[in-house]
Amino acid sequence: MTAWLKQRPASVGLAAALLVLAVATRSLLVGPDPQLAGAVGLDIEGLYEHGQVWRLITSVLFARGFDLPIALLGLLFGVGACERLIGTGRTLLAWAVTALAGGLVGTAAQAAGLLTRQYWTTPPATSIVLDPITPIVGVVMAASTFAGPLWRRRIRLVGFAALIVLLLYSGQPSDVNRLAAGVAGVVLGWVLGRRRPRLVFLRSSHHESRSLLAVVLAVSAIGPVVAIVQPTGYGLLRPFGRLFRDTLPGSGAFAEHCARIGAGPGCARELALARLNGPGALVLTVLPLLVALLAAFAIQRGRRVGAWLSIIVNGLLALFAAVYYGLFPVLGDPDQIADIRAQLTLQSVLAVLVPLALVVGVLVGRRHLTALPSRQAMLVAGLLFGGAVVASAVLYVGVGTLVRTQFRPVPSVVDLLLELPQRYVPVGFLRFRRLDFVPVGPMARLLEGWTGPIAWFALLVAGIVLTRSVADAMSERDQIRIRALLTLGARGSISWMATWPGNRYWFSADGRHGVAYREGSGVALTLGEPVGPDDGAMEAARAFAVHCDDIGLTPAFYSVRPEFAAGLGGPGAAWASIEVGEDTVIDPTSFSMKGKHWQDVRSSINRADRLGIRSVWTSWAELPLGWRAQIESISEEWVADKRLPELGFTLGGLDELVDREVRLMLAVGPGDRIEAVTSWLPTWRDGEIIGQTLDFMRRRPGSPNGVMEFVIAAVIAHAAARDTRFVSLSVAPLAGASPDAENRIERLLESLGRLLEPAYGFRSLAAYKQKFRPEHHPQVLAFADAVALPAISVAVARAYLPDITLPVLARMVGALRPDDEDGDEARLRELAAGSPRPADAPVQEEGR
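In this text the structure is predicted, and so the values were computed from the model without any measurement.

Q: Explanation requested: the overall build of the protein in the structure shown.
A: Assigned secondary structure in the protein consists of 30 helices and 13 strands. Counting over 848 residues, the protein shows a buried share of 54%. Restricting to contacts in the protein with at least 6 residues of sequence separation, those with at least 24 account for 77%. Roughly 37,800 Å² of accessible area belongs to the protein as shown, and the carbon and sulfur atoms make up 61% of that amount.

Q: Looking at this model, I keep getting lost on the nonpolar core. Mind explaining?
A: The nonpolar side chains of a soluble globular protein tend to be buried, and buried together. Ranked by internal contacts, the top residues of the largest apolar core, which has 34 residues, are Val 523, Leu 525, Tyr 558, Phe 649, Leu 781 and Ile 792. Within the residue set of this core, elements represented by two or more residues are α20 (476-488), β3 (504-507), β5 (523-527), β6 (554-560), β7 (576-586), β10 (673-685), β13 (775-783) and α28 (789-800). Here this core gets seven residues from one element, more than from any other, and that element is α28. Ranked by size, the runner-up nonpolar core spans 31 residues in total, among them Ala 221, Ala 295, Val 397 and Phe 407.

Q: Please explain the packing of helix α2 (residues 9-24) against helix α6 (residues 67-86) as it appears in this structure.
A: The relative placement of two packed helices is expressed as an angle between their axes plus a distance between the axes. In the contact formed by α2 and α6, the axes pass within 8 Å of each other and the chain directions differ by 165 degrees. The orientation of α2 with respect to α6, classified from their angle, is roughly antiparallel. Crossing angle aside, the handedness with which α2 passes α6 is right-handed. Contact residues: Pro 9, Ala 10, Ser 11, Val 12, Leu 14, Ala 15, Leu 18, Leu 19 and Ala 22 in α2; Leu 68, Ala 71, Leu 72, Leu 75, Leu 76, Val 79, Gly 80 and Glu 83 in α6. Of the residues belonging to the contact of α2 with α6, the class tally is 14 nonpolar, two polar and one charged.

Q: Please explain the side chain of Ser 619 as it appears in this structure.
A: Mapped onto the fold, Ser 619 is located in the loop between β8 (614-618) and α24 (625-640). In this structure Ser 619 comes out as buried when scored by relative accessible area, which is 6%. Excluding anything up to four places from it in sequence, Ser 619 contacts Val 662, Arg 663 and Leu 664.

Q: I would appreciate a short explanation of the pattern of salt bridges in the present structure.
A: Should the charged atoms of two oppositely charged side chains come close, the side chains can pair. Scanning all chains against the criterion turns up 17 salt bridges. With a shortest N-O distance of 2.8 Å, Asp 131 and Arg 178 are connected by a salt bridge. Taken together, the residues span a long stretch of sequence, with Asp 131 in the loop between α7 (88-115) and α8 (133-144) and Arg 178 in helix α10 (residues 173-192) at a distance of 47 residues. Each member of the pair Asp 131 and Arg 178 is classed as buried.

Q: Would you explain α8 in this entry?
A: Turn by turn, an α-helix covers 3.6 residues, leaving residues three or four places apart pointing in a common direction. Taking 1.5 Å per residue as the helical rise, α8 with its twelve residues ought to reach 16 Å, and the 17 Å between its terminal C-alpha atoms agrees with that figure. Taken across its twelve residues, α8 has eleven buried, putting it largely inside the fold. All buried positions along α8 are accounted for by Ile 133, Thr 134, Pro 135, Ile 136, Val 137, Gly 138, Val 139, Met 141, Ala 142, Ala 143 and Ser 144.

Q: Honestly, the confidence of the model for the protein in this entry has me stumped. Any pointers?
A: The predicted coordinates of low-pLDDT regions are not to be read in fine detail. Per-residue pLDDT for the protein averages 78, and the proportion of residues at 70 or more is 75%. A low-confidence stretch, residues 737-741 stays under pLDDT 50, and its non-local contacts, those more than four residues away or across chains, total eight contacts.

Q: Any chance you could explain the sheet that holds β8 here in plain terms?
A: The pairing of strands in a sheet happens through backbone hydrogen bonds and is either parallel or antiparallel. Read across the sheet, eleven strands follow the order β3-β4-β5-β6-β13-β7-β12-β11-β10-β9-β8 without closing on themselves; strand pairing throughout is mixed. On the outer flanks of this sheet lie β3 and β8, each paired with one strand and no other. Along the sheet, successive strands turn relative to each other by an average axial angle of 30 degrees, direction set aside. Note that strand β4 (residues 514-520) and β5 share four bridges and pair antiparallel. Along β5, the bridge assignment pairs Glu 519 with Ala 524. Along the sheet, α28 makes contact with β4, β5, β6 and β13, crossing β5 at roughly 50 degrees.

Q: Would you mind going over the packing of helix α17 (residues 375-402) against helix α19 (residues 442-468) with me for this structure?
A: For the pair α17 and α19, interaxial distance at closest approach is 8 Å and the crossing angle is 175 degrees. By the angle between their directions, the pair α17 and α19 is classed as roughly antiparallel. Taken together, the residues of the contact of α17 with α19 break down into 21 nonpolar, three polar and one charged.

Q: Would you explain a nonpolar patch on the surface in this entry?
A: Together, Leu 19, Val 23, Leu 28, Leu 29 and Val 30 give the surface a local cluster of nonpolar side chains, amounting to about 500 Å² of exposed area. One can find Val 30 in the loop between α2 and α3 (34-40). Judged by its relative accessible area of 68%, Val 30 falls in the exposed class.

Definitions and limits used
Residues numbered from 1 in each chain as written. Predicted model: local features only at pLDDT ≥ 70, side-chain atom pairs only at ≥ 80, totals over all residues. Heavy atoms only, no water. Helix = DSSP H or I, 4+ residues; strand = E, 2+ residues; numbered from the N terminus. Buried < 20%, exposed > 50% of the residue type's maximum accessible area, 1.4 Å probe, protein only. Contact = heavy atoms within 4.5 Å. Areas by Shrake-Rupley, 256 points an atom, 1.4 Å probe, with all protein chains shown as cover. Core = buried A, V, L, I, M, F, W, Y, C linked by side-chain atoms within 4.5 Å. Axes fitted to C-alpha atoms, helices over the stretch in contact; angles between N-to-C directions. Parallel < 35°, antiparallel > 145°, perpendicular 65-115°, else oblique. Left-handed = near helix turned anticlockwise from the far one by under 90°. Nonpolar A, V, L, I, M, F, W, Y, C, P; charged D, E, K, R; others polar. Salt bridge = Lys/Arg side-chain N within 4 Å of Asp/Glu carboxyl O. Expected span 1.5 Å × (residues − 1). pLDDT = per-residue confidence, 0-100. Pairing = 2+ DSSP bridges. Patch = residues over 30% accessible without salt bridge, like charges linked within 9 Å, V, L, I, M, F, W, Y side chains within 5 Å.

If you want it as C-alpha cells, here you go:
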C-alpha cells in the first residue's frame, strides 16, 4: 500500500485535498451551501463581469452530491494510472491547464450561446458550476497521447462519445466544461509528447472493431436515460426527460376539463403534454432504447442483424426528428401548437445528425459483422414483426372505428388512418403537436397507448430471435458431432480449425466422417482432410465431392497430404494438385539443442532466464482478467501495425483463443508483464492428444530479443514431458508458391503471397521456423478440373481476406495473363464480383 501511494503522490494529494475541503466546509454529503458555492463556484457573471479568474481553480476543488465519490475514485484510479504513465509533474500540469481551459472555454461557449439567443443556454445562465471531474477528464485525455495505439484509441473514442452524449442529453454547464477539458487535454498531450497532431487510421482486428462500435452505440442508446435521471438539464436532445416525472393527469381528464371551460390554446398545450403520461407512452419511449441496446450487443457478438437493427432505430429517430423538429415547423404546420423554429434550430440539426452519424458508422463497420441469421430465423422474425405491425394497425383503425364515441371529438375512419403513423412515434417527438382527438373511454385509451408498443415490442423480440440464430454455423448438435469426430481421428495439424466460426459442415451418410469447408465463388474449399477414423476417410472425401457436384459447387481440398490428393479420384480419375506450403513438424521426444546451430535458441533461453521471464502453460478460461487485457492489447497493437486487414481461414485471432481445448504458452516477465503469447491447437487420435499446432503468435513491442524462441522451446519441452508425438509450427500460408510456376493458380497464389508479404511476412515466418530444424511435410491443394482454377483462386483469396476488393484482385490477375485466354481475366472479375459459381457449373435445384 505504501508503494502504491508513493507512485501516485499527485493523485492521492488532490483526492486528499478534495476530501479535506469537503469535511472542513461541512459539504461532505450535500455539497457546499449556497453562500460558499457562490463564493468559490464558476459562473459567467463572476468570470466575465467581475474578472474572478481564480474561480476556474476553486470550482474544481468542491463537488455536489454524488460527484464527490466519483471524483475521488477518478483521482485515485484514473489520474493515478495516468500519473504512473506520464509522471507527477506532467499530471499536475495537465490537471491545472485543463481545469483552466475547460472552465474558460466552457463558459465562453455558454456566453456565446446567450449572445446568439440559443434556447439551451438560457436556463444555465445563472448556474454556478462546482465540478472536480472536469480536470480529471483533461488529465486522462492528455495521458492518452502517451499510451499505446490501442488504449489511445479506446480512451478517446469511448471518452468523447460519453462526453458528447452527456452534453446532448444532460446539457449542464459542467458537461460543456468537461468536453472542453477533454479537447484541451488532447492538445496538451500533443505538446507534452512533442507530437504533431495528425489523423492516423489504426487498423483494428474484427474483435476490437466490433467492441468499439458496440460501446459507442450503447453509450448513445443510454443517452435518453441520462435525460430521465437528471432532475434538471438543458441538453439539446432531451425529448424524453419528463416522462418518468410528470404528475399530470391523463389526456382524458384534460379533455373533459376543456370541454367544460371551452377549448383554447392553453387546453391544446396541456393536452399535448398529457399524452406524455400513461404506461403505454412510457413503454413506447423505452422500447427503441432497448432495441438499440440489443443492436449494440449483437454487434459485439459479430451478428450482422445488429447492424440492421441499429440502422432501423437510428434511421427512424433521424427521420422523426427531421419531420417533427424540422419539416413541420418550417412549413408552418397548423397542428404545431408552439413556435419552436427559433428555439429548436440547433436542436433540430443535432437530433438529425447524431443518429445519422451512427448509421454511417454502422455502415462503415458492417464488414466486421460476418455472422448472418438463418433463413428460418429471418422468416420467423419477419412474420412476427410484420404481423405485429399489421395487427396493431388493424386493431387501431378497426376497433377504433367501432368505439369512435370514446374519442373527443368523434373521429372518422379517415381521421384514424391519418393519425395511425403517429402511434408508432415515441411521444417525446409529439409534445409540440396539437391533438385532433383524444381518448376519453377505456378502450380508446388502450388503443391510443398500446398500438405503437405492440410493434416496437415485436421488433425487439424479432431482433432477439435473429441475434440467437447464425446461418451455417454449428448448432450445438453439430458442435458435439464435429468435436467427437476430431477426437476419434484427425489427419493433419490444422484439423482443429474445423471448429472455427465461418465453416460449413458435411457429414457422411454413416456419420463417421465430417468435412469442414468454406463456400465462395462457386467453390467448396475444404479445411484439410475429412475428420474421423482412418478407415473410410477417402470414401467420405469422394462422397463429399459428389455432394458438391450435386449442388453446383466445385470441390477443392486445401492443405492436404500429397498421398491423400493422389487417391482422391480413384483409378483412372486422378485429381491434380499443387503445393501451397510445408508443414513444419518437430518430434519432441528426439528434440535436442546441442551443437553450434542451436546457439541462437540457447542464448534466447538463457537471456529470458536472466531477465526473470518464465513460461506459463494455460488456457484462456484460466487467465486472470489482467492477463487477458494484456493479451488483447498486444494483439490489437500487432493488428494496428499492419497495412492490411486481419486474415482468417487458417489463421486464428483472439476469438479462437477462448476454446476450452486450445492451450496457451505465455512468456511472463517480472510484475506479471506478458511479453509474448502463443496458442496451440490439439490434434487427436483415438481419444488422445497426439500433437500441438502453433496458431496465434504475438509478442509485445519492445519485448526482449529471442522471447519467441524461448516460448517455442518451452512448448517442445512440455510436449516431450507428456510423450506428445509431434509439435507443428504450422504451415506458413501462401509461402510455398514459386514465382516461376507454370500453373495459373500457383502464379496467382504466389502473387497473393507477394502482395501480403510486406504486412504479414509469411516467407519470413517460414524462414524463421528453420531455427528449430523441423521436418517438412508438403501440403497441397487438390482439385478435379483445371477449368475451375480461376474460381478456386478467388475462393482461396477470399477465404483469407473476406473483405478483399475487386481492385486488389485485379492486381493479382496479372499473374494469370501470360498464357491465359482472354476470357479468363473477365471471368475472374465476374467471380470476384460475387458470381455464385463458374459459368459451366450445373444449376442448383430449388430447395437443395
